[in-house]
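Observations on chain architecture
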Amino acid sequence: MVAVSGGKDSVTLLHILAKIEKSFPDVVFCAGTVDEGIRDYRDEALRIAERNCRKLGVDYVVTSFKELFGYELDEIVELIRRRGENGLTPCSYCGVLRRKALNIMARDAGVDKLVTAHNLDDETQTMLLNVVHGDPMRIARSKPVLNVIHPKLVQRVKPLCMVPEKEVVLYAYLKGIEFQCIDCPYARTALRNDIRDMLNRMEHKHAGTLFTVFRSMEKIRPALEAFAEEVKLHDCKLCGEPTVRDICRACEMLQELKVL
Ligand code: SF4
Ligand code: ZN
(Lines give C-alpha, C1' and ligand atoms only; values in the text may rest on other atoms or scores of the structure.)
(Ligands and ions follow the chains in the order given, each with its own letter.)
Protein backbone atom coordinates (compact mmCIF):
# COMPACT_ATOMS: atom_id res chain seq x y z
CA MET A 1 0.00 0.00 0.00
CA VAL A 2 1.27 3.44 -0.95
CA ALA A 3 0.44 6.18 1.54
CA VAL A 4 -0.81 8.96 -0.75
CA SER A 5 -1.24 12.45 0.62
CA GLY A 6 -1.93 14.10 -2.74
CA GLY A 7 1.36 16.02 -2.64
CA LYS A 8 4.10 15.76 -5.27
CA ASP A 9 6.16 13.06 -3.54
CA SER A 10 3.43 10.54 -2.82
CA VAL A 11 1.60 10.97 -6.13
CA THR A 12 4.87 10.65 -8.07
CA LEU A 13 5.78 7.54 -6.10
CA LEU A 14 2.33 6.13 -6.82
CA HIS A 15 2.86 6.62 -10.58
CA ILE A 16 6.33 5.03 -10.51
CA LEU A 17 5.25 2.03 -8.45
CA ALA A 18 2.08 1.52 -10.51
CA LYS A 19 4.31 1.33 -13.58
CA ILE A 20 6.77 -1.10 -11.97
CA GLU A 21 3.95 -3.15 -10.51
CA LYS A 22 2.70 -4.07 -14.01
CA SER A 23 5.69 -6.45 -14.25
CA PHE A 24 4.60 -8.16 -11.03
CA PRO A 25 0.96 -9.16 -11.54
CA ASP A 26 0.96 -11.35 -8.40
CA VAL A 27 1.62 -8.37 -6.13
CA VAL A 28 -1.46 -6.80 -4.58
CA PHE A 29 -0.98 -3.07 -5.01
CA CYS A 30 -3.21 -0.36 -3.54
CA ALA A 31 -3.13 3.16 -2.12
CA GLY A 32 -4.58 4.90 0.90
CA THR A 33 -4.94 8.35 2.41
CA VAL A 34 -5.42 9.49 5.98
CA ASP A 35 -7.76 12.46 6.11
CA GLU A 36 -6.59 14.46 9.13
CA GLY A 37 -9.45 16.92 8.82
CA ILE A 38 -7.67 20.11 7.71
CA ARG A 39 -10.11 22.53 6.12
CA ASP A 40 -9.30 23.99 2.67
CA TYR A 41 -6.32 21.65 2.35
CA ARG A 42 -6.93 17.95 2.78
CA ASP A 43 -10.24 17.96 0.86
CA GLU A 44 -8.46 19.09 -2.32
CA ALA A 45 -5.65 16.57 -1.68
CA LEU A 46 -8.16 13.75 -1.38
CA ARG A 47 -9.74 14.63 -4.75
CA ILE A 48 -6.29 14.70 -6.39
CA ALA A 49 -5.22 11.40 -4.80
CA GLU A 50 -8.46 9.76 -5.87
CA ARG A 51 -8.22 11.06 -9.46
CA ASN A 52 -4.64 9.74 -9.76
CA CYS A 53 -5.63 6.32 -8.42
CA ARG A 54 -8.61 6.14 -10.78
CA LYS A 55 -6.42 7.08 -13.74
CA LEU A 56 -3.89 4.38 -12.83
CA GLY A 57 -6.52 1.77 -11.94
CA VAL A 58 -5.21 1.45 -8.38
CA ASP A 59 -7.55 0.42 -5.54
CA TYR A 60 -7.87 3.31 -3.11
CA VAL A 61 -9.03 3.59 0.51
CA VAL A 62 -9.43 6.56 2.84
CA THR A 63 -9.52 6.66 6.61
CA SER A 64 -9.81 9.72 8.83
CA PHE A 65 -8.88 11.08 12.25
CA LYS A 66 -12.60 11.72 12.80
CA GLU A 67 -13.44 8.09 12.13
CA LEU A 68 -10.56 6.64 14.18
CA PHE A 69 -10.13 9.17 16.98
CA GLY A 70 -13.42 11.08 17.03
CA TYR A 71 -11.95 14.47 16.14
CA GLU A 72 -10.58 16.27 13.11
CA LEU A 73 -7.18 17.93 13.42
CA ASP A 74 -8.85 21.35 13.06
CA GLU A 75 -10.99 20.56 16.11
CA ILE A 76 -7.94 19.47 18.11
CA VAL A 77 -6.12 22.68 17.15
CA GLU A 78 -9.14 24.72 18.23
CA LEU A 79 -9.16 22.88 21.58
CA ILE A 80 -5.46 23.57 22.15
CA ARG A 81 -5.98 27.24 21.29
CA ARG A 82 -8.86 27.55 23.74
CA ARG A 83 -7.01 25.76 26.53
CA GLY A 84 -3.78 27.68 26.08
CA GLU A 85 -0.26 26.82 25.03
CA ASN A 86 0.93 23.32 25.99
CA GLY A 87 4.17 23.27 24.00
CA LEU A 88 2.75 21.02 21.30
CA THR A 89 2.18 22.19 17.73
CA PRO A 90 -0.55 20.95 15.37
CA CYS A 91 2.19 18.89 13.69
CA SER A 92 3.00 17.16 17.01
CA TYR A 93 -0.57 15.84 17.17
CA CYS A 94 -0.81 15.22 13.46
CA GLY A 95 2.43 13.23 13.30
CA VAL A 96 1.56 10.89 16.17
CA LEU A 97 -2.07 10.35 15.14
CA ARG A 98 -1.26 9.91 11.45
CA ARG A 99 1.43 7.31 12.16
CA LYS A 100 -1.12 5.30 14.09
CA ALA A 101 -3.87 5.85 11.49
CA LEU A 102 -1.61 4.80 8.60
CA ASN A 103 -0.70 1.57 10.36
CA ILE A 104 -4.34 0.75 11.13
CA MET A 105 -5.35 1.54 7.54
CA ALA A 106 -2.60 -0.65 6.06
CA ARG A 107 -3.25 -3.50 8.48
CA ASP A 108 -6.99 -3.40 7.81
CA ALA A 109 -6.24 -3.54 4.07
CA GLY A 110 -4.25 -6.74 4.72
CA VAL A 111 -1.01 -5.51 3.16
CA ASP A 112 2.48 -6.40 4.41
CA LYS A 113 4.30 -3.24 3.26
CA LEU A 114 3.37 0.40 3.72
CA VAL A 115 5.28 2.56 1.27
CA THR A 116 5.80 6.20 2.14
CA ALA A 117 7.22 8.93 -0.08
CA HIS A 118 9.80 10.51 2.21
CA ASN A 119 12.47 12.01 -0.03
CA LEU A 120 16.14 12.82 0.67
CA ASP A 121 15.25 16.27 2.03
CA ASP A 122 12.66 14.81 4.44
CA GLU A 123 15.00 12.10 5.66
CA THR A 124 17.90 14.47 6.23
CA GLN A 125 15.66 16.91 8.07
CA THR A 126 14.34 14.08 10.27
CA MET A 127 17.84 12.93 11.13
CA LEU A 128 18.85 16.42 12.25
CA LEU A 129 15.54 16.91 14.04
CA ASN A 130 16.25 13.79 16.09
CA VAL A 131 19.57 15.31 17.11
CA VAL A 132 17.99 18.70 17.91
CA HIS A 133 15.28 16.93 19.93
CA GLY A 134 18.00 15.13 21.89
CA ASP A 135 16.88 11.70 20.68
CA PRO A 136 19.70 10.48 18.38
CA MET A 137 18.79 6.82 19.02
CA ARG A 138 15.76 7.40 16.81
CA ILE A 139 18.16 7.48 13.86
CA ALA A 140 18.70 3.77 14.49
CA ARG A 141 14.96 3.15 14.27
CA SER A 142 14.07 5.21 11.19
CA LYS A 143 15.71 3.28 8.40
CA PRO A 144 14.70 3.21 4.71
CA VAL A 145 13.30 -0.30 5.29
CA LEU A 146 12.09 -0.66 8.85
CA ASN A 147 12.53 -3.87 10.79
CA VAL A 148 9.37 -5.83 11.52
CA ILE A 149 9.20 -5.63 15.31
CA HIS A 150 5.56 -6.52 16.01
CA PRO A 151 2.89 -8.47 14.11
CA LYS A 152 0.47 -5.54 14.39
CA LEU A 153 2.95 -3.08 12.85
CA VAL A 154 3.03 -3.07 9.05
CA GLN A 155 6.56 -2.81 7.68
CA ARG A 156 7.40 0.64 6.29
CA VAL A 157 9.49 1.21 3.21
CA LYS A 158 10.79 4.53 1.84
CA PRO A 159 11.90 4.07 -1.78
CA LEU A 160 12.48 7.80 -2.45
CA CYS A 161 14.77 8.33 0.53
CA MET A 162 17.77 9.09 -1.68
CA VAL A 163 15.94 11.22 -4.24
CA PRO A 164 16.22 15.00 -3.68
CA GLU A 165 12.92 16.85 -3.48
CA LYS A 166 13.68 19.01 -6.53
CA GLU A 167 14.18 15.88 -8.65
CA VAL A 168 10.80 14.52 -7.54
CA VAL A 169 9.16 17.82 -8.54
CA LEU A 170 10.98 17.83 -11.87
CA TYR A 171 9.81 14.27 -12.61
CA ALA A 172 6.23 15.14 -11.72
CA TYR A 173 6.24 18.20 -14.01
CA LEU A 174 7.89 16.34 -16.89
CA LYS A 175 5.35 13.51 -16.65
CA GLY A 176 2.41 15.90 -16.28
CA ILE A 177 1.40 14.32 -12.96
CA GLU A 178 -1.36 16.15 -11.09
CA PHE A 179 -0.45 16.93 -7.47
CA GLN A 180 -1.46 19.38 -4.76
CA CYS A 181 0.64 22.55 -4.77
CA ILE A 182 -0.53 24.34 -1.65
CA ASP A 183 1.07 23.80 1.76
CA CYS A 184 -0.72 22.69 4.87
CA PRO A 185 -1.88 25.80 6.79
CA TYR A 186 -0.15 24.46 9.94
CA ALA A 187 3.18 23.74 8.25
CA ARG A 188 4.91 26.94 9.37
CA THR A 189 4.49 26.04 13.04
CA ALA A 190 6.93 23.15 12.97
CA LEU A 191 10.58 23.15 14.03
CA ARG A 192 11.18 21.11 10.88
CA ASN A 193 10.81 24.31 8.85
CA ASP A 194 13.80 25.91 10.52
CA ILE A 195 15.86 22.76 9.91
CA ARG A 196 14.66 22.72 6.28
CA ASP A 197 15.61 26.38 5.75
CA MET A 198 19.04 25.77 7.26
CA LEU A 199 19.69 22.66 5.13
CA ASN A 200 18.44 24.40 1.97
CA ARG A 201 20.81 27.31 2.59
CA MET A 202 23.68 24.85 3.10
CA GLU A 203 22.72 22.85 0.00
CA HIS A 204 22.53 26.02 -2.07
CA LYS A 205 25.96 27.17 -0.93
CA HIS A 206 27.62 23.73 -0.70
CA ALA A 207 25.95 21.39 -3.19
CA GLY A 208 25.78 17.80 -1.95
CA THR A 209 25.23 18.65 1.72
CA LEU A 210 21.96 16.65 1.88
CA PHE A 211 23.63 13.52 0.51
CA THR A 212 26.60 13.96 2.81
CA VAL A 213 24.42 14.24 5.91
CA PHE A 214 22.31 11.24 4.79
CA ARG A 215 25.38 9.11 4.08
CA SER A 216 27.01 10.07 7.36
CA MET A 217 23.94 9.02 9.30
CA GLU A 218 23.82 5.74 7.34
CA LYS A 219 27.41 5.09 8.45
CA ILE A 220 26.63 5.92 12.06
CA ARG A 221 23.42 3.86 12.15
CA PRO A 222 24.95 0.34 12.57
CA ALA A 223 26.84 1.56 15.65
CA LEU A 224 23.66 3.09 17.05
CA GLU A 225 21.72 -0.10 16.32
CA ALA A 226 24.31 -2.22 18.12
CA PHE A 227 24.15 0.14 21.08
CA ALA A 228 20.35 0.54 21.14
CA GLU A 229 18.33 -1.47 23.59
CA GLU A 230 15.81 -3.87 22.10
CA VAL A 231 12.39 -2.21 21.99
CA LYS A 232 9.80 -4.23 23.88
CA LEU A 233 6.28 -3.56 22.66
CA HIS A 234 3.04 -4.46 24.35
CA ASP A 235 -0.60 -3.58 23.78
CA CYS A 236 -1.84 -0.12 24.76
CA LYS A 237 -4.24 -0.47 27.68
CA LEU A 238 -6.74 1.82 25.97
CA CYS A 239 -6.65 1.01 22.26
CA GLY A 240 -4.69 -2.26 22.03
CA GLU A 241 -2.18 -0.89 19.51
CA PRO A 242 1.52 -1.73 20.03
CA THR A 243 3.42 0.69 22.24
CA VAL A 244 6.49 0.85 24.48
CA ARG A 245 4.40 2.46 27.25
CA ASP A 246 1.30 1.36 29.14
CA ILE A 247 -0.76 3.83 27.12
CA CYS A 248 0.32 4.77 23.60
CA ARG A 249 1.29 8.37 22.80
CA ALA A 250 -1.81 8.89 20.64
CA CYS A 251 -4.18 7.83 23.44
CA GLU A 252 -2.17 9.90 25.90
CA MET A 253 -2.50 13.01 23.71
CA LEU A 254 -6.22 12.47 23.23
CA GLN A 255 -6.67 11.90 26.93
CA GLU A 256 -4.85 15.11 27.74
CA LEU A 257 -7.27 16.90 25.48
CA LYS A 258 -10.07 15.02 27.21
CA VAL A 259 -11.37 14.03 23.85
CA LEU A 260 -11.32 10.29 24.35
FE1 SF4 B 1 0.08 17.50 9.64
FE2 SF4 B 1 1.90 19.39 10.17
FE3 SF4 B 1 2.02 17.98 7.90
FE4 SF4 B 1 0.07 19.76 8.28
S5 SF4 B 1 2.27 20.19 8.12
S6 SF4 B 1 -0.17 17.69 7.44
S7 SF4 B 1 -0.33 19.54 10.47
S8 SF4 B 1 2.29 17.19 10.00
ZN1 ZN C 1 -3.57 3.63 22.60
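Notes on the structure follow. What you see is a predicted model, and the numbers here were worked out from it, not measured in a lab. (Residues numbered from 1 in each chain as written. Chains lettered and ligands numbered in written order. Predicted model: local features only at pLDDT ≥ 70, side-chain atom pairs only at ≥ 80, totals over all residues. Heavy atoms only, no water.)

Concerning the environment of Cys236
- You can see Cys236 is positioned in the loop between β6 (234–235) and β7 (242–243).
- The buried category is assigned to Cys236, whose relative accessible area is 4%.
- Between the C-alpha atom of Cys236 and that of Ala250, which follows or precedes it by 14 residues, the distance is 9.9 Å.
- The contacts of Cys236, once residues within four sequence positions are left out, are Glu241, Thr243, Asp246, Ile247, Cys248 and Cys251. (Helix = DSSP H or I, 4+ residues; strand = E, 2+ residues; numbered from the N terminus. Buried < 20%, exposed > 50% of the residue type's maximum accessible area, 1.4 Å probe, protein only. Contact = heavy atoms within 4.5 Å.)

What about unusual backbone geometry?
- The backbone of Asp40 sits at a positive phi, close to 60°, despite the residue not being glycine.
- One can find Asp40 in the loop between β2 (30–35) and α2 (42–56).

Let's talk about the site of ligand 1
- As a structural note, the neighbourhood of ligand 1 is formed by Leu73, Cys91, Cys94, Arg98, Cys184, Tyr186 and Ala187.
- Of the residues forming the shell around ligand 1, the biggest block, 3 residues, is contributed by helix α5 (residues 90–109).
- Across the shell around ligand 1, the residue classes tally to 6 nonpolar, no polar and 1 charged. (Near = heavy atom within 4 Å. Nonpolar A, V, L, I, M, F, W, Y, C, P; charged D, E, K, R; others polar.)

Here we look at the pattern of salt bridges
- Under the definition given, this model contains 19 salt bridges.
- For Arg107, the salt bridge is made with Glu241, and the minimal N-O distance between the two is 2.8 Å. Here the residue Arg107 occupies a position in helix α5, and Glu241 occupies one in the loop between β6 and β7, the gap between them amounting to 134 residues.
- For Glu252, the salt bridge identified is with Arg245, shortest N-O distance 3.0 Å.
- The exposure class assigned to Glu252 is partly exposed, which follows from its relative accessible area of 25%.
- By relative accessible area, Arg245 is classed as partly exposed at 37%.
- Salt bridges sharing common partners tie together Arg245, Arg249, Glu252 and Glu256. (Salt bridge = Lys/Arg side-chain N within 4 Å of Asp/Glu carboxyl O.)

A short note on the coordination of the zinc ion (ligand 2)
- Here the zinc ion (ligand 2) is held by Cys236 (SG), Cys239 (SG), Cys248 (SG) and Cys251 (SG), and the distances to it run 2.3 Å.
- Each of the 4 donor atoms around the zinc ion (ligand 2) contributes to a set of angles spanning 103 to 116°, which defines the coordination as tetrahedral.
- One chain supplies every donor to the zinc ion (ligand 2), and in sequence these donors are spaced C-x2-C-x8-C-x2-C.
- With a relative accessible area of 32%, Cys239 lands in the partly exposed category.
- The class for Cys248 is buried, based on a relative accessible area of 6%. (Donors = N, O, S within 2.8 Å, 3.2 Å for Na, K, Ca; no water. Tetrahedral: all angles 85-135°; square planar, octahedral: opposite > 155°, others 65-115°.)

Things to note about helix α1 (residues 8–21)
- Compared with an ideal rise of 1.5 Å per residue, which puts 14 residues at 20 Å, α1 spans 20 Å between its outermost C-alpha atoms and is within 8% of the ideal.
- Here α1 lies mainly inside the structure; 11 of its 14 residues are buried.
- Tucked inside the fold, the buried residues of α1 contact β1 (2–3), β2, α2, β4 (113–115) and α8 (165–174). (Expected span 1.5 Å × (residues − 1).)

Notes on the packing of helix α6 (residues 120–132) against helix α9 (residues 191–205)
- Here α6 crosses α9 at 115°, and the two axes come no closer than 9 Å. Regarding α6 and α9, the two cross each other, and that crossing is right-handed. Together, Asp121, Asp122, Thr124, Gln125, Thr126, Leu128, Leu129 and Val132 of α6 and Leu191, Arg192, Ile195, Arg196, Met198, Leu199 and Asn200 of α9 make up the contact between the two elements.
- Residue classes in the contact of α6 with α9 are distributed as 7 nonpolar, 4 polar and 4 charged. (Axes fitted to C-alpha atoms, helices over the stretch in contact; angles between N-to-C directions. Left-handed = near helix turned anticlockwise from the far one by under 90°.)

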